[in-house]
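Next come the chains, spelled out residue by residue.
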Amino acid sequence: MATKMQLFMEYLTVELGLATNTRQAYNRDLSLFVDWLGFKSADSLINVERQQVTDYLTWLKEKGLAAATIARKLAAVKSFYRFMTAEGYMDVNPAEVVEAGTKGIRLPRVLSEDEVLRLLDQPDITTAEGLRDRTMLEVLYATGMRVSELINLTLDRVNLNMKYIIAFGKGSKERIIPLGSVAAGFLQKYLDEVRSKLVHEDRASDIVFLAQGGHALTRQRFWQIIRAYGKEARIKKTLTPHILRHSFATHLLDNGADLRSVQELLGHSDISTTQIYTHLTNKRLRDIYAKAHPRA
């Protein structure tokens, strides 16, 4: 990659502390912009004018991309040019006043409380792998952690005496999350009876949840696990890695939790990100009203 792109990626890592997946997404989005411009070198990005950024958005819309996808790709371009102007490489930000338009509201997919219980009941806890899987699902639903936070959770970030977990989230930010008694019980049993059997003698690891061979589980493997159990539970919804996180937040709000507390538990830096879950609870209330009220 060209020098300026490398410096930008270093800025995302060192200054903003963005996760690897986020940095890779920025890199892909910027590379697409460079390909569209037809430049042989990413250094030519310093010659871009505002009209070219606008034309790029028009091209993305003509390709039929979703509004949220277009907005994300524009965000990468905007971030790059904010960096370029802030560091003095450019005098004018060509993307400064360009907007992608409304993204609309795309509600996250969640499970009902009954569906969550059916999902949790699927692993065979008489086996080592089944107990590990049940524990992971219990911890996710009890804490609302991101899957990346779960699979990278280390032993020193678990306190079963005080029943809390320290999550290491986006932007290298830490937060303390309470751990319910049911999840804590499964986690204690997993640590006592299963984890030692998964640790490989030649591969020391402080990761809590291990795969066969003693290495950490991947995000893709977790997705396979939850989808398999969802199929066994006859849940018709498409299960995503974060569906228990979304369900955690929605069920808290359904049962009276305040939005600010849910924001802190999820580790959202902006409460507007958390507010998306209020749309789900409001929709559920409208559905209940429509079914229950005689004059609805």
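Use the structure listed above.
Below or above, wherever it landed, is the structure these notes cover. Quick caveat, the model's predicted, so the values are computed rather than measured.

### Regarding the sheet that holds strand β3 (residues 174-178)
In step 1: Strand order in the open sheet formed by three strands is β1-β2-β3, and the pairing between neighbours is antiparallel. Each end of this open sheet is capped by a strand with a single partner; those strands are β1 (158-159) and β3.

### Focus: the packing of helix α6 (residues 128-143) against helix α8 (residues 181-193)
For any two helices packed against each other, the geometry is given by the interaxial angle and the distance between the axes.
In step 1: Running from amino to carboxyl end, α6 crosses α8 at an angle of 145°, the nearest separation of the two axes being 9 Å. Once α6 is placed against α8, the crossing between them reads as left-handed. Judged by residue contacts, L131, R132, R134, T135, E138, V139 and A142 of α6 engage V182, A183, F186, L187, K189, Y190 and E193 from α8.

### A short note on the nonpolar core
In step 1: Residues L119, F209 and L244 are the most contacted members of the largest nonpolar core, which totals 52 residues.
In step 2: When residues no more than four places from it in sequence are discounted, the contact partners of F209 are R132, T135, M136, V139, L150, L153, L187, Y190, A216 and L217.
In step 3: F33, V48, I70 and M90 belong to the second-largest nonpolar core, a separate cluster that totals 26 residues.

### Some details on the packing of helix α11 (residues 243-254) against helix α12 (residues 259-266)
In step 1: Packing of α11 against α12 leaves a shortest axis separation of 10 Å and a crossing angle of 160°. The orientation of α11 with respect to α12, classified from their angle, is roughly antiparallel. As for how α11 packs across α12, the hand of that crossing is right-handed. Residues R245, F248, A249, L252 and L253 of α11 pack against L259, V262, L265 and L266 of α12.
In step 2: Its residues placed into classes, the contact of α11 with α12 shows eight nonpolar, no polar and one charged.

### What about the pattern of salt bridges?
In step 1: Counting across every chain of the model gives eleven salt bridges.
In step 2: When the shortest N-O distance is used, the salt bridge between R118 and D114 registers 3.3 Å. Residue R118 and its partner D114 are both found in helix α5 (residues 113-120); the two are separated by four residues, about one turn of the helix.
In step 3: One connected set of salt bridges, linked through shared partners, spans D29, R72 and K73.

### A short note on the side chain of T250
In step 1: The topology assignment puts T250 in helix α11.
In step 2: On the basis of relative accessibility, which here comes to 0%, the residue T250 falls in the buried class.
In step 3: Separated by 2.9 Å, the side chain of T250 and the backbone oxygen of H246 make a polar contact.

### Describing the environment of K170
In step 1: Along the chain, K170 turns up in the loop between β2 (164-168) and β3.
In step 2: Between the alpha carbons of K170 and T20 there is a distance of 9.7 Å; along the sequence they are 150 residues apart.

Each value, and the rule that gives it
Residues numbered from 1 in each chain as written. Predicted model: local features only at pLDDT ≥ 70, side-chain atom pairs only at ≥ 80, totals over all residues. Heavy atoms only, no water. Pairing = 2+ DSSP bridges. Helix = DSSP H or I, 4+ residues; strand = E, 2+ residues; numbered from the N terminus. Axes fitted to C-alpha atoms, helices over the stretch in contact; angles between N-to-C directions. Left-handed = near helix turned anticlockwise from the far one by under 90°. Contact = heavy atoms within 4.5 Å. Core = buried A, V, L, I, M, F, W, Y, C linked by side-chain atoms within 4.5 Å. Buried < 20%, exposed > 50% of the residue type's maximum accessible area, 1.4 Å probe, protein only. Parallel < 35°, antiparallel > 145°, perpendicular 65-115°, else oblique. Nonpolar A, V, L, I, M, F, W, Y, C, P; charged D, E, K, R; others polar. Salt bridge = Lys/Arg side-chain N within 4 Å of Asp/Glu carboxyl O. Polar contact = N/O pair within 3.5 Å; in protein donor to acceptor, adjacent residues only side chain to side chain.

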